[in-house]
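# Secondary and tertiary structure notes
Next come the chains, spelled out residue by residue.
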Amino acid sequence: MNTEDTSHTTHDAEEDARNRDIKIYVNGEIVHRDEAKVSVYDSGFMLGDGMWEGLRLYNGKWAFFDEHMDRFFNSCKTVSLDVGLTKDEMLDALNRTAAANGMTNNVHCRLMLTRGIKDKPFQHPSLSRSGPTLVLIMEHSKPVDSLSSQGIRLATVPQVRGLPMSQDAKLNSHSKLNCIIACLQAEEAGADEALMLDPHGFVNTTNACNFFIVRRGEVWTSTGDYCMNGVTRQKVIDLCRENDIPVFEKNYSLYEAYGADEAFLTGTFGAQTPVASIDGKSIGAGDRPITGRLRELYKDLVSSNTGLA
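What this report covers is the structure whose coordinates are included nearby. Quick caveat, the model's predicted, so the values are computed rather than measured. (Residues numbered from 1 in each chain as written. Predicted model: local features only at pLDDT ≥ 70, side-chain atom pairs only at ≥ 80, totals over all residues. Heavy atoms only, no water.)

## Observations regarding the pairing of strand S3 (residues 50-58)
Within S3, nine of the nine residues are buried, which leaves the element mostly enclosed by the surrounding structure. Side-chain alternation along S3 places Gly50, Trp52, Gly54, Arg56 and Tyr58 on one buried face and Met51, Glu53, Leu55 and Leu57 on a second face that is also buried. Note that S3 and strand S5 (residues 107-114) share eight bridges and pair antiparallel. Residue pairing for S5: Met51 is matched across the bridge by Leu113. As paired strands, S3 and strand S4 (residues 61-62) are joined by two bridges and run antiparallel to one another. Bridging across to S4, Tyr58 finds its partner in Lys61. (Buried < 20%, exposed > 50% of the residue type's maximum accessible area, 1.4 Å probe, protein only. Helix = DSSP H or I, 4+ residues; strand = E, 2+ residues; numbered from the N terminus. Pairing = 2+ DSSP bridges.)

Take a look at the structure:
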C-alpha cells in the first residue's frame, strides 16, 4: 500500500538549498550548522530531559508567539526546568537568529531547551548543574503541495496516548518515544502517520498532530484530556465558534471517524492537513468544503496576527 510515490509525513517540506548553510543558535552563539554542537553529557541527548516548541515566521513576525511561549514556559515550570531567559529575551534570541540567516517568511523554528550538561551519566536532575542548553534551529520550510491535494493516510495503532500521571501529553517534551513507537507501527501498517486512541479507546490524536473530523457540517475533536494542547488546534476551535461552524470537543470512536465526511490534522507546520484515509477506508467523497473554509479562515488569522494583510 505504501509506495515511494504516495507516502507522506505531515512535515514534508519543499527542498530548499539555503538550508545547507543555515546558522543555528546554541547558548547565545549563532554558528554555521556544521559547527552547532552539544555535549554527549547533555541531559537532552542522554535522557530526553527537555522541552521544545515549534514556531512559524511570517513577514518577519513569529505567529502566535505569546500562545507558544505560554505553553513552553508552563511546560518548563511543570518539570522545574529554568528557562534562563524571559519571554522578551527569547523573542530577541529568535529574531537575532532569523536576522543572521536573512529569514523573514515561510520559516520553521524548532526551539529546544534541555536541563543542560550533566556531571555524570545518570538520571537524577540535580546532576545537571551548569545551567540549561538552548538551541534554535530555523529552516526555510514550506509544506509540499501534495500534503493538501492528496492528504495523509492514517492507521490506528495499539500505542495509546497515556494518562497525565504517566506522561502528560500536554508536555512538549524531548521524550517522544511513545509517539515514535506509534509512528513506526503506522509505517509498518503501510500508512503515513498513526491515529492514536486514548486510554479508554476513544479517538484522540496522531503521533505528531491534533486530529479533527467533520460530520454533517459539525467539526469534532477529542476532549483534549490526552492530547497536546495545540496552538493551531485551539485556533481552529476558536475560528469555528467565531464563524458559526458547530464545533464539539467530545469523546467519539472509530465508528464516527470512519464515517466522517472530512478529517484533517492541525499543527504549526502544516496548519490544516487533510486526511485521505483511516485504516485503508477513504474519508468522505474527496471534497472538503469545511476543511477548505477553515484553511482560508486560518490563513486570514495568521495574516492579521503577523501583519501580512
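## Describing a nonpolar patch on the surface
Taken together, the side chains of Val40, Tyr41, Phe45 and Ile117 present a nonpolar region at the surface, about 400 Å² in accessible area. Along the chain, Phe45 turns up in helix H1 (residues 43-47). (Patch = residues over 30% accessible without salt bridge, like charges linked within 9 Å, V, L, I, M, F, W, Y side chains within 5 Å. Areas by Shrake-Rupley, 256 points an atom, 1.4 Å probe, with all protein chains shown as cover. Salt bridge = Lys/Arg side-chain N within 4 Å of Asp/Glu carboxyl O.)

## Brief notes about the pairing of strand S13 (residues 262-267)
Within S13, six of the six residues are buried, which leaves it mostly tucked inside the rest of the structure. Burial along S13 is two-sided: Glu262, Phe264 and Thr266 facing one way and Ala263, Leu265 and Gly267 facing the other are all buried. Sheet topology places strand S10 (residues 210-215) next to S13; five bridges connect them, and they run antiparallel. Paired with Ile213 across the two strands is Ala263, which belongs to S13.

## What about the packing of aromatic side chains?
A complete count under the given rule lists four aromatic pairs for this structure. Positioned above the aromatic ring of Trp52 is the side chain of Arg110, whose terminal nitrogen or guanidinium carbon lies 3.6 Å from the ring centre. Directly above the ring of Trp220 sits Lys250, whose terminal nitrogen or CZ lies 3.7 Å from the centroid. (Phe/Tyr/Trp six-rings, centres within 6.5 Å; stacked < 30°, edge-to-face > 60°. Lys NZ or Arg CZ within 6 Å of the ring centre and 35° of its normal.)

## Notes on the pattern of salt bridges
Counted under the stated rule, the structure contains eleven salt bridges. Between Arg233 and Glu249 there is a salt bridge, and its shortest N-O distance comes to 3.5 Å. Note that Arg233 is positioned in helix H7 (residues 231-242) and Glu249 in strand S12 (residues 247-249), a separation of 16 residues in sequence. Through salt bridges with shared partners, one network takes in Arg233, Arg241 and Glu249.

## Points about helix H6 (residues 177-188)
With twelve residues, H6 extends 16 Å between its outermost C-alpha atoms, agreeing within 8% with the 16 Å of an ideal straight helix rising 1.5 Å per residue. Listed as buried for H6 are Cys179, Ala182 and Ala186. Summarising the axial view, the buried residues of H6 lie within an arc of 60°, below the 170-degree limit, and thus occupy one face. Exposed positions of H6 whose direction lies more than 90 degrees from the buried face are Leu177, Glu187 and Glu188. Buried residues along H6 sit in contact with strand S7 (152-156) and strand S8 (193-197). Positioned one or two residues after H6, Gly190 has a phi angle of 85°, which is positive. (Expected span 1.5 Å × (residues − 1). Arc of directions from axis to C-beta. Contact = heavy atoms within 4.5 Å.)

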